[in-house]
Amino acid sequence: MGTNVESRLRAVWLALVVVTLISWWIGSSHGHQEFRSSAPITYAVLLIAAVKMRMIVRHFMEVRHAPDALRRLTDGWIALLVIALLAIYSFKLSMPAV
Amino acid sequence: MTSPAASISSREAGTVARRPGAGVVLGEPDMWAFVLFECLIFASYFIIYMLYRMADPELFLRSQEHLSQDLGVANTLIMLTSSWLMARCVQAAREKKFEIASRQVVLTLTCGVAFVALKVTEWSMKLREGLGFSTNEFFWFYYFLTGIHVLHVLIGFVVLAVVVHQLRSPERRSQEIVETGATYWHMVDFLWVMIFALVYVMR
Amino acid sequence: MSAAVADHTRARPSGFLGRIAWHWRHDPKIELWICWWVMVSFYQLFGIVFVLMTRVMPPPRPDWDQARIVQWFSDNHTGLLVGFGIIFLVAGMTASSNAIIGYSMRRMSVSRAFAYSYIAIYSLSAIPGMLFAGILLSVGAMRPDRDPRLLAWLYDAGFLTFVGTMGVFLIGTLVWMIAILIDKNRVFPRWFGYLNICNLLTEFVVAPCWIMKTGAFAWNGSIAFWVDTGVFVVYTTAFIVLLRRMVIREDFGDGPLPDPS
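This text gives an overview of the structure that appears in the document. (Residues numbered from 1 in each chain as written. Chains lettered and ligands numbered in written order. Predicted model: local features only at pLDDT ≥ 70, side-chain atom pairs only at ≥ 80, totals over all residues.)

Time to look at the overall build of chain C. Looking only at helices and strands, chain C features 12 helices and zero strands. Taken from N to C terminus, the helices and strands of chain C fall in the order α-α-α-α-α-α-α-α-α-α-α-α. C-alpha atoms of chain C, sized along the principal axes, occupy 70 × 40 × 25 Å. Among the 261 residues that make up chain C, the fraction classed as buried is 35%. In chain C, once contacts between residues fewer than 6 apart in sequence are set aside, the share between residues at least 24 apart is 72%. (Helix = DSSP H or I, 4+ residues; strand = E, 2+ residues; numbered from the N terminus. Buried ≥ 20, exposed ≤ 12 C-beta atoms within 10 Å, placed from the backbone. Contact = placed C-beta atoms within 7 Å.)

Contacts between chain A and chain B engage 47 residues on the former and 46 residues on the latter. For the side of chain A that touches chain B, the secondary-structure elements that each account for two or more residues are helix H1 (3-29), helix H2 (39-60) and helix H3 (68-91) of chain A. It is H1(A) that provides the largest number of residues to the side of chain A that touches chain B, a total of 12 residues. Here the residues of the side of chain A that touches chain B are counted per class, giving 30 nonpolar, 11 polar and six charged. (Nonpolar A, V, L, I, M, F, W, Y, C, P; charged D, E, K, R; others polar.)

What follows deals with the interface of chain B and chain C. Counting residues at the interface gives 20 residues for chain B, matched by 20 residues for chain C. When residues of the side of chain B that touches chain C are traced back to their parent elements, those giving at least two are helix H2 (29-55) and helix H6 (137-168) of chain B. Looking at the side of chain B that touches chain C element by element, the count peaks at 11 residues for H2(B). For the side of chain B that touches chain C, the per-class residue count stands at 14 nonpolar, two polar and four charged.

Shown next as structure tokens:
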């Protein structure tokens, strides 16, 4: 296989795996005594998720070669989603519990 | 007009300069339209989940404690690997190495099956503990998000089967179909990444 | 067939009524257009009846007690009876929708079995889709002094069947989707074939409403009702527009085949 591409894909996969293990460690290392609500953990976890999604979209889905419009759209969706989620989390916005 | 396969290869090799604004999409643009629409729908699910979570964070936290972080991570690693294998399949097909490409997609399918098997195991463990869909708000979302995602994986099996079918016979082997199938599968992957973060890991 | 083509080139009168009269007499696609317009009118009427008159969309809450349910019936008494009365009268209009969609499959390169299966399945669709709900809620509205327990039963049954019964639509959508994706004549664009997946999945999303009485997955829930209805509206708008384009393109076999690329 085109070794450049092959090694780049493998590097992306490794990065994704490592980053997943990091966020798993972050989420669980504090959990031995108390499973507590934690804003720093949530922020870290969601931002890491955003980074992972972006890597998948850019490299596996080859959006790095796509027209600018698609690149901006996918980056925009990821950014807006994570910002919305973090905003709801931070400001404790909630659905009228119906 | 260069075929998309040639353009992406030459871009990778750096032999074709990138015109500002221009580009090539992976597979059919139609599949991208669908992927973007699904992203919109899932975004609404995630936002509603977060809104419900903030109405009763303690409940969600206590319930989340019942989930197996290990199984969640295992599922995530399987999904990420399957996505990587699919990307390798596309690359192999592009280089006309159809035997290798075929093997990659079959491995992807295997990962998918493992994913579903683990998920079902996880659900049955929770059900045996008496934690069902209607136990509390957290569990509505747990079963719903993982369930609708599994449905997408099952549809993905059909998509991957079409790709396998394409690669098997020299008369077919449409690069566009292989890429279109890959696009769908990567969507399934990144949706899981967010579900994992929201349901298993966030505090 | 050439006579049909020649008709198109004959000078047409101007003026709204004049043009309609011309189409009535000369347009070889007049039946297709009638089908399409009846379908569009039906959906508009459906919206007016279900949203404005009967107030069944968006649905009221599943967790109300009997007294509140009795009150809902009495508040909407006239709207329910008149609105559903209209629906019972015009329910047959749904046939035109099934017919034109079945027709679209006849123009595809796929087996005719697809068109026939679709029409057979969807001919049942009006029952869970609106008639059952209409009947049950009309019965409830008819005698406001009925035993509250019976009214509560009719209320539950009416809304559960309206929101939660989706099997017919699931299989029907699947049939149409497969036909679109394997069709070589490109009657519909492939993105619409994929959009069918979204519509198909909404049928699964509503299933929890049989269990939940509150929250996102109840029959009035943000996910089981609102997001689902949003997807349905997008899907329906898409196929109404695409069917219109199909009828415009229709040339009864005279014209060039689509570009195979």
